[in-house]
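In case you want the letters, here they are:
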Amino acid sequence: MQVPEQRLLRIVVAAVLGSLGGILYARALDAPPVMNILLGAVYGVVFASLFARRATTPGAGLLWGLAFALALWLIIPANLMPMFAGTMRQAGMLDAARAAFPALVAYLLCFGLPLGVGAGTLQAFFARATEENPSIMNKATRFSLPRALVTGGSAGIVGGWAFGEWMRQVDFYPLVAGLVSSTSPMIGKTLHFTIAVVIGATFGLLFQRDVRGFGSSLCWGVGYGIFWWFLGAMTLLPVLRGEAVDWSYTRGGELFGSFVGHVIYGLVIGLIYAIANRLWVVFFYESDPLNREPSGVGERNLRALAWGAAASMTGGLLFSIVMYETGALPNVASIVGGTSYALGFGLHLVISALIGMSYGVLFRREAPDAGAGVAWGLVYGLVWWFLGHLTLFPVLLGRQFTWTIEAANLGLPSLIGHLTYGAATAVVFMLFERRHGAWLALDPRLAAREARLQRPAGTPAPALWFFLLTLGVLLPIILG
Amino acid sequence: MNKYLRRAIIGVIAGAAGGVALAYTFDNPAVGFSLGVLFGAIYGVAFAAPSRADADGILTAASLGVPLWALINVVALPLLAGELPRWTAAGMRAQFPTLVGWTLYGIILGLLAQAFGDLAMRVFGAEREPLVPAPEVKTRIVILGGGFAGVTCAEYLERAFGADASVEMTLVSETNALLFTPMLAEVAASSLEATHISTPLRSTLRRTRVVRGRVIGCDLSARQVRLASDTRMPVSPTNHKDADTAAHADDHLLSYDHLVLALGAVSNYLGMKNVEQTAFDFKSLADAIRIRNHVIDCFERADAETNAQARRALVTFVIAGGGYAGAELAGGLNDFARGMLALYPNIPPEEVKVVLVHSRERILPEMSAGLADYALRHMEERGVTFELQTRLTDARPGAVTLNSGEEIETETLVWTAGTAPNPLLQTLPVERDKRGAAVVDGTLAVPGHAGVWALGDCAQVPDAKTGQPCPPTAQFALREAKTLAGNIHAQVHGRPLKAFHFDSLGQLCVVGHQTACAEIKGLKFSGFFAWLMWRGIYLGKLPGLERKVRVLVDWIIEVFFPRDIVQTIDTDTHRKDLGTPGDEARAEEMHRMSEAQGAYAGS
């Protein structure tokens, strides 16, 4: 099929999928069907024109689709509709957005999901028709079904275990057991792990081509976890239990703990998947002398650790201003039984350095430019707000972590600090990488190898950044 | 049009359009709009939009809207208004409209910047990149020698000059790897795999051109180095031309602006030709491999030997020289030889002898007398025989002669008793000391020859504080390399040079199984603890993580398994052993085998 024909087919398929999404939307929110079918078709055409070219696989398509749907929601149901209806002036923008929260869930599931996966599947089909036989050298980058299932499934089990701790704490297992008309926590636990394995395996199937390093995989996992909060906790669970689906922001607020759990679950899935996937690739492909890197893994990681630690000092110092202003430093000191600002500051810098080192190892070669560097840093900062502030920090203080909206409310100043820390660390780390890259550029072979290992343009990374950063900041504000 | 101006204009227009969304959500619309224009210009200049990357542009800019909101509305504007940042839950919820505003702003900015960028591409063509000429090589630094001094100097030069493409660095070495000499005795004693103590130069040096070759002369007035014709030299714009115009068509010439002489030292047989012809050197990796193979070969032959006298000669190993190299080798070989005995039932243990011949009254003259005595006693207890205050005067196949007139029947003589600076220095018009080392000033420059520097074993380096010549050890060579690299960098940039000074840290010497002597900053250690120090310090100093891991694994294996006695093919065509009749034929046969296997025949 020629390129113009492919483009036309993409637009037609997207319009049809958008229309079908419009039908679903109208049914779910009891909205006028004709207008939503038409709106869906228009969304489909816009998506096909602007985004579909980037949706090269179903997984990439899913992310582009979700980000597209979120942007649409921000523009149309959260702004234009209440503005034209005159409700925004009466209730204010925040309340208008809260009122439009069901539309957010519906936009993601009825428009973003089908448009993205559909476009990605179609594009993958086109690509498959023209794909040439791979050489032994690029086998590692080719899709492998066993690798996706085994590594993704293993990651799902570990992620399920991490999420299961919260489920046990809030007695969530009987609720899950309700899916098979039971109230037994054991059945609930079994079901939970089965679902976790399925989600992990689908993570591998959808994103194997796009995740590159540990850090990007971790972020992909968080994005996928959030998606499953909308699809699973807010939608499928009540449907399968035979209950009415409630997409209101108050229900979202009640399920905020589950939201954080999904973030942590996705984070663990992404990270474990990346590690298992890496081991697989190293064992089966990179150990082949034809594919060997000139410098060993230890050397590269040591360098990244050092850069990360050095880069984190900038971010750590900026973050410490927020901590000082909000009086959080004595809290940090209490991790080791102290109360002083100085001890808190010292401990904060140590923690900053450790997280910076992890950033170095996880996000090497992910940022081809400053914008990408800042975006990855912001996402990593956001992830650490969920993981560090809401989860590990209470545990280190000897308390039980509470993934409640109240806890999130109290932690919002820290969110600003985490974002600042991530952005600053990422920028300085990128400067180190560039400096090293300038050395490598003196040798064309090394320069070519570095270019090959850098994240290329065209992956759904921008969609992921937008989806994570916007929802990660928006939801704690809206749902509170 | 300048590309940055073009991008800024596009950014301003797109930012102004997005600024409408900001103005709508800000309390003060003018501030919102102005910020939109400002960040639009910054975004336009900073992020070049690749053609038709609509999706990427929209969502990247929209993502950056969130941190801009946090920075501007939550922190900066309240601070400018003399208030506290609005980062409480209530404060941030009050700022929710501006969060939406910044996100919408990002979407519009990304979309329009991309669209206008694509339009500008169609109308005005691609952005004009200012023609940046390829950086001209202005400074050529040639380092002769791939030992500690040369390689460390190259590493420091790489650090000093960074990615400065106007400086070209070339290192000429006869081998393609840096040998970690402190562990050489362990290779000869089959404790470590040979290649594990050598680090490839090509993976160690990141931007220095490595030329494996042999230097046969330097023309200091023409600033050229001549390499032997068998040298394979990579083509480079700066040396290719020289090679074409070479006076000697078969040789290669390297031109330089700065020449670093780090040629090291060679064995000095003090004019004893017979000794030179029959003894093993102990300087290179090949020497260590050769000694190990030879020792195993002697045991194989001794096991089949029925003549007791001939057998004794086969398992008698003489080491000349009781410095660090000789003592460590004697201790290592003694452990190796006696450890092998269990596998050679026809060799009586009392016939195995390791003899260390030393001209002074005590071994290890660089160490304190107490530690040297400890080392001697320990080695004697383990079976090493010492001939102190004794010189080797002659050698012939099957025996060596001492100055006392005594003759020791042996098939193995290893020479560690003397070294001399590389003989190439004799051909250069530079001042030399009585050892033959190039005399340099405090900055390591060779007087009278601008741009010529020397360091390490081949140089006599005065200490800036004491004025005394520094000892020719690796410890000093490493520090000299740092000073020298800094001085070349300083001279290239017109900055003042620094004089060399270094206080020795101390000495370490391993003298047998889990036993060593150490003298660190005046503190003396011996026995097991000193041995742990020796291993810890040298493992840390061994270049490259990969080599460290390999050596560590070798050491762990050695704890549980006996040393390897597998013989490898000796590829050396000029093998020197005190062989019995028939050895020449065997050597030829080995040579034929190695040629048949295409093995490299050494440089």
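About the criteria used
- Residues numbered from 1 in each chain as written.
- Chains lettered and ligands numbered in written order.
- Predicted model: local features only at pLDDT ≥ 70, side-chain atom pairs only at ≥ 80, totals over all residues.
- Contact = placed C-beta atoms within 7 Å.
- Helix = DSSP H or I, 4+ residues; strand = E, 2+ residues; numbered from the N terminus.
- Expected span 1.5 Å × (residues − 1).
- Bend = angle between axes of the 7 residues up to and from the residue.
- Buried ≥ 20, exposed ≤ 12 C-beta atoms within 10 Å, placed from the backbone.
- Axes fitted to C-alpha atoms, helices over the stretch in contact; angles between N-to-C directions.
- Parallel < 35°, antiparallel > 145°, perpendicular 65-115°, else oblique.
- Left-handed = near helix turned anticlockwise from the far one by under 90°.
- Nonpolar A, V, L, I, M, F, W, Y, C, P; charged D, E, K, R; others polar.
- Core = buried A, V, L, I, M, F, W, Y, C linked by C-beta atoms within 7 Å.
- Domains from an automatic or database assignment.
- Pairing = 2+ DSSP bridges.
- Right-handed = clockwise from strand over helix to strand, strands pointing away.

### Considerations on the interface of chain B and chain A
Each partner contributes to the interface: chain B provides 38 residues, whereas chain A provides 46 residues. For the side of chain B that touches chain A, the secondary-structure elements that each account for two or more residues are α3 (54–80), α4 (89–94), α5 (96–124) and α17 (545–560) of chain B. When residues of the side of chain B that touches chain A are assigned to their parent elements, the largest contribution, 13 residues, is made by α3(B).

### Examining helix α7 (residues 145–169) of chain A
Residues and elements named next belong to chain A. Given a rise of 1.5 Å per residue, 25 residues ought to cover 36 Å, and the 36 Å separating the end C-alpha atoms of α7 matches this to within 8%. Along α7, the sharpest kink reaches roughly 30 degrees, centred on Phe 163. If you check which residues of α7 are buried, you get Ala 148, Thr 151, Gly 152, Gly 153, Ser 154, Ala 155, Gly 156, Gly 159, Gly 160, Phe 163, Trp 166 and Met 167. Of the surrounding elements, those touching the buried residues of α7 are α8 (173–177), α9 (185–207) and α12 (256–286). Within two residues after α7, Asp 171 carries a phi angle of roughly 55 degrees, on the positive side.

### Quick word on the packing of helix α15 (residues 341–362) of chain A against helix α18 (residues 412–440) of chain A
All names here are of chain A. At a minimum axis distance of 11 Å, the contact between α15 and α18 shows a crossing angle of 55 degrees. With respect to α18, the axis of α15 lies oblique. The element α15 and its partner α18 pack so that their crossing is right-handed. Between α15, through Ser 352, Gly 356, Tyr 359 and Gly 360, and α18, the contact on the second element is made entirely by Tyr 421, Thr 425 and Phe 429. Residues that form the contact of α15 with α18 fall into these classes: three nonpolar, four polar and no charged.

### So, the nonpolar core
Counting 186 residues, the largest nonpolar core has A:Ala67, A:Leu70 and A:Val379 as its most contacted members. Each residue touching A:Val379, except ones within four places of it in the same chain, is listed here: A:Cys219, A:Trp465, A:Leu468 and A:Leu469. Ranked by size, the runner-up nonpolar core spans 131 residues in total, among them B:Leu254, B:Val260, B:Ala445 and B:Leu542.

### Side note on the domain arrangement of chain A
Interface size is often expressed as the accessible area that is lost when the parts come together. Residues and elements named next belong to chain A. On domain assignment, one finds that chain A holds domain 1 (3–130), domain 2 (142–286) and domain 3 (297–479). Taking only C-alpha atoms into account, the centre of domain 1 sits 24 Å from that of domain 2. Between domain 1 and domain 2, the residue contacts involve 14 residues of the former and 14 residues of the latter. Of all the elements in the fold, those that place two or more residues in the side of domain 1 that touches domain 2 are α3 (58–85) and α6 (101–130).

### Section: the domain arrangement of chain B
Per the domain assignment, the segments making up chain B are domain 1 (3–124), domain 2 (139–174 + 213–266 + 421–504) and domain 3 (269–417 + 507–596). Once you take the C-alpha centre of each, domain 1 of chain B and domain 3 of chain B turn out to be 74 Å apart.

### Quick word on the sheet that holds strand β23 (residues 515–520) of chain B
Adjacent strands of a sheet pair through backbone hydrogen bonds, lying either parallel or antiparallel. Residues and elements named next belong to chain B. Pairing is antiparallel in the open sheet, where three strands are placed in the order β22-β23-β24. A single partner strand is all that each edge strand has here, and the edge strands are β22 (506–512) and β24 (523–527). In this sheet, adjacent strand axes meet at a mean angle of 5 degrees when their direction is disregarded. Strand direction decides the pairing type here: β23 and β24, joined by five bridges, are antiparallel. Bridge pairing in β24 places Glu 519 opposite Lys 524.

### Comments concerning unusual backbone geometry
Excluding glycine, a negative phi dihedral is what most residues carry, and trans is how most peptide bonds are arranged. Positive phi, close to 55 degrees, is recorded for A:Ser181, a residue that is not glycine. With respect to the helices, strands and loops of the structure, A:Ser181 is situated in the loop between α8 and α9. Here the phi dihedral of B:Leu270 falls at roughly 55 degrees; this positive angle occurs in a residue that is not glycine. According to the C-beta neighbour criterion, B:Leu270 is partly exposed, with 13 such atoms within 10 Å.

### Brief notes about the pairing of strand β12 (residues 353–357) of chain B
Residue and element names in this part refer to chain B. For β12, a buried count of four out of five residues is recorded, marking the element as mostly surrounded by other parts of the structure. Examined bridge by bridge, strand β11 (residues 316–320) and β12 share five bridges and lie parallel to one another. Each bridged residue has a counterpart across the sheet, and for Thr 316 the counterpart in β12 is Lys 353. In this view, the connection linking β11 to its parallel neighbour β12 by way of helix α13 (residues 324–340) has right-handed handedness. In the sheet, β12 pairs with strand β13 (residues 384–387) via four bridges, with the strands oriented parallel. Opposite Val 357, over in β13, you have Glu 387 as the bridge partner. Once you follow β12 into helix α14 (residues 369–381) and on to β13, the crossover reads as right-handed.

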